Amino acid sequence: MSNKNMKTSQISGFYKLPVEKRVEFVQTFADLSAEDFKILKKSLDIQTTDRMIENVIGNFEIPLGIAVNFKINGKEVLIPMATEESSVVAAASNAAKIARIQGGFSVKSTDPIMIGQIQILGIEDIVTAAENIMNEKDKILAIANAQDKILVNLGGGAKDLEVRILESPTGKMLVTHLLVDVRDAMGANAVNTMVEALAPILAEITGGYVRLKILSNLADKRLVTATAVFDKEKMGGEHIIDQFLESYTLASIDPYRAATHNKGIMNGIDAVIIATGNDFRAIESGAHAYAARDGQYTSLTRYWKDDDGNLVGEIELPLAIGIVGGAGSIHPKALVCKKILQISTAQELAEIIAAVGLAQNFAAVYALSTVGIQKGHMSLHAKNIAMMAGANESEIDTIAEQMIQEGIVKLDRAKELLEQLR
Ligand code: NAD
């Protein structure tokens, strides 16, 4: 067997390695070049930053970690995660380790269809206007597709139309949805260009006027699903699974819990979104709107027991992400992170991200329904508190360990311990 076939994302004690050794492991796994290695180590150059947003004064760094143990549709994957929150990377790695006992994550996705909305007002006969739009569908799609020849040549482009008549306090309005296959792009610019180009023709067909013309972030035609079986024995027996399901049930019926439950999912999802230069606001708004699609905000994941008493988890959500276009095409670290993920389509990336969301959620609910969330959080949290108290590199670990032993992780205690130590 060649080295490539023997490649595994499962590595024990990765967290104990020095940073350089971790980078070396990732470099070998993903065939990174010496140049990629340099990019990972250095800060973004200010000229690049200055082209990304307005009024630049510097860069704001977020830690980049690697979640290990992921096996997704049989493929070994290392997950780059950019997050400022401690425990997220460790929890994802841990969940992936349990999931791989029963084969890892199974993922699938729909075609990458985004929705562009065109709001038409001032129409006299709205039902006839809606019919007229559908009768002119071919002409409308052709105008939309003339805006993006590249996308059409790649097999994407505007594919269909939908019309919706909406009631409002100021009267009825006609909302046309343009359905666009955006292939490997997130699609906002591509779709916005198309809907803007369609405004005059839709005004002409309906006899009304067009107000809004913009993409919808409720990308519910661009869905991704990930499932995994979490091993009963590894989890500590069937009673632990029962405890897990009791905890999960609250998220399925109560928005107060569902919000926190879904926040935990986004801990993982956003970290990969950021690491790959994608738009996390687009993903957040889409995910939460989808979680409320039936009128009540609920969990994005579902859990049940299989015939053998193992826990099965599933996540389904819209993921409007791209591997071309947007900031991800400019940001050098995002380019390296995409290389680490070894993906060739946006759908593959979306599927990996869904698996991470499920892993993150499993880890959080597992901890919550057994030892509680604070235990896992404590080690890094204690180090952060020690740092806040003014401890230097050689003092941080001693103070953090002492606070954990005492079960008091507080700033004033850290300050006392620092004084004693000095
Ligand atoms: P883009 O316009 O930069 O790139 C997409 C274009 O790349 C396509 O239109 C196509 O012409 C070309 N392309 C080349 N190869 C392709 C391939 N394999 N697949 C698909 N297209 C390919 O980017 P975009 O994805 O249209 O827009 C994303 C950006 O828009 C993000 O930065 C996002 O933050 C921003 N944005 C978001 C919103 C929103 O979410 N509501 C609104 C406006 C802008």
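Note on numbering: residues in each chain are counted from 1, in written sequence order. Local features in this predicted model are restricted to residues whose pLDDT is 70 or higher, and side-chain atom pairs enter the listing and the counts only when it is 80 or higher, whereas totals over whole chains, interfaces and linings include all residues. With hydrogens and water excluded, all non-hydrogen atoms of the structure serve as input to the side-chain values.

(A) Here's a closer look at the site of the ligand. One heavy atom suffices: a residue is near a molecule or strand as soon as one of its heavy atoms comes within 4 Å of it. For the ligand, the set of nearby residues contains 21 residues, the closest of which are Asp148, Asp184, Gly187, Ala190 and Asp279. Any pair of nitrogen or oxygen atoms within 3.5 Å is treated as a polar contact; in protein, a donor-acceptor pairing is required on top of that, and neighbouring residues in sequence qualify only through side-chain atoms on both sides. Between the ligand and Asp279 there is a distance of 2.7 Å, counted from an oxygen atom to a side-chain nitrogen or oxygen. Notes on the ligand: free accessible area 870 Å², of which the protein chains cover 72%. Secondary-structure elements contributing two or more residues to the shell around the ligand are helix H7 (149-153) and helix H8 (188-206). Think of it as three bins: nonpolar holds Ala, Val, Leu, Ile, Met, Phe, Trp, Tyr, Cys and Pro, charged holds Asp, Glu, Lys and Arg, and polar takes everything else, Gly as well. For the shell around the ligand, the residue count by class is eleven nonpolar, six polar and four charged. Reported accessibility uses the Shrake-Rupley method at a 1.4 Å probe radius. Residues are deemed covered only where the shown protein chains occlude them. What counts as a helix is a DSSP run of H or I of at least four residues, what counts as a strand is a run of E of at least two, and both are numbered from the N terminus.

(B) Layout of unusual backbone geometry. Of note in this structure, Asp31 is not a glycine but carries a positive phi near 55°. For the exposure calls, accessible area comes from a 1.4 Å probe over protein chains only, and a residue counts as buried if that area is under 20% of its type's maximum, exposed if over 50%, partly exposed in between. Residue Asp31 is classed as exposed on the basis of its relative accessible area of 52%. Phi is positive for Asn73, which is not a glycine, with a value near 50°. Position of Asn73 relative to the elements: it lies in the loop between strand E1 (64-72) and strand E2 (75-82). Asn73 gets classed as partly exposed once you look at its relative accessible area, which sits at 48%.

(C) A look at the pairing of strand E5 (residues 157-168). The sheet contact formed by E5 and strand E6 (residues 171-181) spans eleven bridges and is antiparallel. The partner of Ala158 across the bridge, within E6, is Val180. One bridge is not enough; two strands pair if DSSP finds at least two bridges between them. Turn length for the E5-E6 hairpin, with the two strands adjacent in sequence and antiparallel, is two residues.

(D) Broad picture of the pattern of salt bridges. Each reported salt bridge corresponds to a side-chain nitrogen of Lys or Arg within 4 Å of a carboxyl oxygen of Asp or Glu. The full count for this structure, using the stated rule, is 19 salt bridges. Lys263 is the salt-bridge partner of Glu85, the closest N and O atoms lying 2.9 Å from each other. Residue Glu85 is located in the loop between E2 and helix H4 (88-101), and its partner Lys263 is located in helix H11 (residues 255-275); the two are separated by 178 residues in the primary sequence. By relative accessible area, which is 25% here, Glu85 ends up partly exposed. Classification of Lys263 by relative accessible area gives partly exposed; the value is 42%. Here Lys137 ties to Asp160 by a salt bridge, and the two come within 2.8 Å at their closest N and O atoms. Pair noted here: Lys137 is in helix H6 (residues 137-145) and Asp160 is in strand E5, with a separation of 23 residues, a long-range link.

(E) Structural detail: the packing of H11 against helix H14 (residues 346-369). The axes are straight lines fitted to the C-alpha atoms, using for helices just the contacting stretch, and the angles between their N-to-C directions are given from 0 to 180°. Their axes nearest at 8 Å, the elements H11 and H14 cross at an angle of 135°. Taken together, the axes of H11 and H14 lie oblique to each other. Read as a crossing pair, H11 and H14 show a hand that is right-handed. Residue-level contacts link Arg257, His261, Gly264, Ile265, Asn267, Gly268, Ile269, Val272 and Ile273 of H11 to Ile353, Val356, Gly357, Gln360, Asn361, Val365 and Leu368 of H14. Residue composition of the contact of H11 with H14, by class: eight nonpolar, seven polar and one charged. Throughout this description, any angle smaller than 35 degrees is read as roughly parallel, any larger than 145 degrees as roughly antiparallel, any in the 65 to 115 degree range as roughly perpendicular, and the remainder as oblique. Note: crossing handedness is left-handed where the near helix turns anticlockwise from the far helix by less than a right angle, and right-handed where it turns clockwise. Note on contacts: a residue pair is in contact if any heavy atoms of the two residues lie within 4.5 Å.

(F) The arrangement of the side chain of Asp181 in detail. Within the element layout of this structure, Asp181 appears in strand E6. Residue Asp181 is classed as buried on the basis of its relative accessible area, which comes to 4%. A distance of 2.9 Å separates polar atoms of two side chains, one belonging to Asp181 and the other to Arg183.

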